[in-house]
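The lines below spell out each chain.
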Amino acid sequence: MRAVVLVCLLAGLAHADLFTAIADLQHMLGAEKDVTSVIDQYIAAERDRLDDLRRYAHEYVHRNAHAEAVGPEFVTNPINAYLLIKRLTSEWKKVENIMLNNKATTFLKNITDNRVKSEVKFPGEEDLSGAAIALLRLQDTYKLDTLDLSNGIIGGEKVSNKLSGHDTFEVGRAAYNQKDYYHCLMWMQVALNKIENESPATVEESEILEYLAYSLYQQGNVRRALSLTKRLAKIAPNHPRAKGNVKWYEDMLQGKDMVGDLPPIVNKRVEFDGIVERDAYEALCRGEIPPVEKKWKNKLRCYLKRDKPFLKIAPIKVEILRFDPLAVLFKNVISDSEIKVIKELASPKLERATVKAPDGTLLKRATVQNSKTGELEHATYRISKSAWLKGDLHPVIERVNRRIEDFTGLYQGTSEELQVANYGLGGHYDPHFDFARKEEKNAFKTLNTGNRIATVLFYMSQPERGGATVFNHLGTAVFPSKNDALFWYNLRRDGEGDLRTRHAACPVLLGVKWVSNKWIHERGQEFTRPCGLEEGVQENFIGDLSPYANDP
């Protein structure tokens, strides 16, 4: 009964999506301390209750000893008979009440009420699965060893406590639930090794063996799957599936390869996400960047942008990252104090359940546009939460919007609102285009401002590791540098989408990633970025008065 109450109340506290934003996880840091305090208080209350029960038990033992000493004649005494009946009726009811008066419901209700008041969310099963899958994503992208990761080691550095056998098992099970038998096999094998050194084991060997055997079967290693399943049937003779699976594997082999050494475990990775440029994307995330083309190498440079009246007084530093297509980094264009305000404005909205289109300010888990319907929907390939902030929400937002116009030279009247994003565990955004392609006819239809001509991406934090912005087909990776803004054109000068700008946000390995971005639209740019006089013409710098106007 107590277990049922506990599960029900905790289920009421559970909220999915916490894993999609580090900001939400940071709010949970005090939750374990609260739980410890409640457990201590509960134990004290239970100790008092059990002491009362112990006192009643002693009294019963004493009285029963006296009655046994007297024998059957004890109840011939009317007073003794009365007391015996009383003890087994009204006094027994007191014992029943004490036994049933478990304080768990009260204490759990208190913690529920306190969490509601403090707005601290409690993770749910989706969060556990999402956190485990984030570990798998990080493992793949950054080529992390399973054993190292389970021992809290990343890149040779000890960054966390070791995972127990059960912790490791849960990661493998999350992979299994995703039909990712490649990772399931690796993590279940490590879990099996870990419980050999645990006393008592944190997870039963039989639980691991079933997942491990099935993953081996999925990888084509039927003989090893059969061997492990026989072991399972031996240590858990009442297992509901073990004997049937043994027969199934034996029938599958039909006597073939049943003798000799078992084949080695060869784990084969199969991609399910459909990202064809996966290898190039992951290599860029790791910083494996191809050398700059010779023709551009000596032309990449920094300069001061002074082509606006205000910029003559306060010029902006520009670093050219690449040409053809152009990508630049505007240096120190957002201050720490502005970042603080923007994060404070966005953070409460990260916790709300309401979603609005780009002209609204409420947010939830990051959304993407359905290319067929044009509607916003939750993205499984984007792990972050984001908020849309109106320009008139705060003077800082208005000031940042004006500054964007100064350093890009593009009209901001038709731009989307400033979007602020906080990435979660392994937070990433798989390869995508910012502009709408021709087949996406309904994209931005409600905005009536044309396509997204350019993107400005402010880096509002600097993760310890990971989190780069990578352009898959260009071999370009830009690692976050706080206070800077990355800029590129999504459309060519003739208005056609530039397919070379397909890009991705790499998973955050260690640290926190906050960004804000501005999507600038076509309408209103007729004179700020007119069509070129020649086909294929493109910019080599930002700003009409660049001293490098004729380069490269």
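Residues numbered from 1 in each chain as written. Predicted model: local features only at pLDDT ≥ 70, side-chain atom pairs only at ≥ 80, totals over all residues. Heavy atoms only, no water.

Per an unreviewed UniProt entry, the chain is named procollagen-proline 4-dioxygenase, and its organism is Caenorhabditis latens. Here is the UniProt Function (unreviewed entry) comment for the chain, exactly as written: "Catalyzes the post-translational formation of 4-hydroxyproline in -Xaa-Pro-Gly- sequences in collagens and other proteins." (UniProt positions renumbered as here; feature names shortened; annotations may be inferred.)

S.K.: Help me understand empty space enclosed by the protein in this model?
M.R.: Where empty space is left in the structure can be found by rolling a water-sized probe over the atoms. Evaluation of the coordinates by the stated rule reveals five cavities of 30 Å³ or more. Looking at the largest cavity, it is lined by 18 residues, and the ones nearest its centre are Tyr 423, Tyr 429, His 432, Leu 457 and His 503. Mapped onto the lining of the largest cavity, the elements with two or more residues apiece are strand S11 (418-423), strand S12 (429-432), strand S13 (452-459), strand S18 (503-505) and strand S20 (514-521). Within the lining of the largest cavity, the residues separate by chemical class into nine nonpolar, six polar and three charged. If you add up the space inside the second largest cavity, you get close to 100 Å³. (1 Å grid on protein atoms, 1.4 Å probe; cavity = no way out; pocket = protein on both sides within 12 Å on 5 of 7 lines; lining within 4 Å. Points joined across faces, edges and corners; volume = space filled by probe spheres on them. Helix = DSSP H or I, 4+ residues; strand = E, 2+ residues; numbered from the N terminus. Nonpolar A, V, L, I, M, F, W, Y, C, P; charged D, E, K, R; others polar.)

S.K.: Is there a simple way to explain the pairing of S11 in this structure?
M.R.: A regular strand places its side chains on the two faces of the sheet in alternate fashion. The buried fraction of S11 is high, at six of six residues. Of the two faces of S11, the one holding Leu 418, Val 420 and Asn 422 and the one holding Gln 419, Ala 421 and Tyr 423 are both buried throughout. With six bridges joining them, strand S10 (residues 384-389) and S11 adopt antiparallel strand pairing. What sits directly across from Ala 387, in S11, is Val 420. (Buried < 20%, exposed > 50% of the residue type's maximum accessible area, 1.4 Å probe, protein only. Pairing = 2+ DSSP bridges.)

S.K.: I keep staring at the nonpolar core and nothing clicks. Help me out?
M.R.: Nonpolar side chains in soluble globular proteins tend to end up buried together. Counting 46 residues, the largest nonpolar core has Ile 208 and Val 470 as the members making the most contacts within it. The greatest single-element share of this core, amounting to seven residues, is contributed by helix H9 (residues 181-195). Residues from two domains meet in this core; each of domain 2 (125-253) and domain 3 (278-349 + 382-521) gives at least three. Apart from the residues lying within four places of it in its own chain, the contact partners of Val 470 are Tyr 281, Leu 284, Cys 285, Thr 476, Ala 477, Arg 502, His 503, Ala 504 and Cys 506. One finds Tyr 303, Ile 316, Ile 320 and Met 460 within the second-largest nonpolar core, a separate group that totals 43 residues. (Core = buried A, V, L, I, M, F, W, Y, C linked by side-chain atoms within 4.5 Å. Domains from an automatic or database assignment. Contact = heavy atoms within 4.5 Å.)

S.K.: Please clarify how the packing of helix H8 (residues 165-177) against helix H10 (residues 205-218) should be interpreted in this entry.
M.R.: Two measures define how a pair of helices packs: the angle their axes make with one another and the distance between the axes. Where H8 meets H10, the closest approach of the two axes is 11 Å, and the angle between their N-to-C directions is 40 degrees. Note on packing geometry: the crossing formed by H8 with H10 is left-handed. Touching Phe 169, Arg 173 and Tyr 176 of H8 are Glu 207, Ile 208, Tyr 211 and Tyr 214, all from H10. Its residues placed into classes, the contact of H8 with H10 shows five nonpolar, no polar and two charged. (Axes fitted to C-alpha atoms, helices over the stretch in contact; angles between N-to-C directions. Left-handed = near helix turned anticlockwise from the far one by under 90°.)

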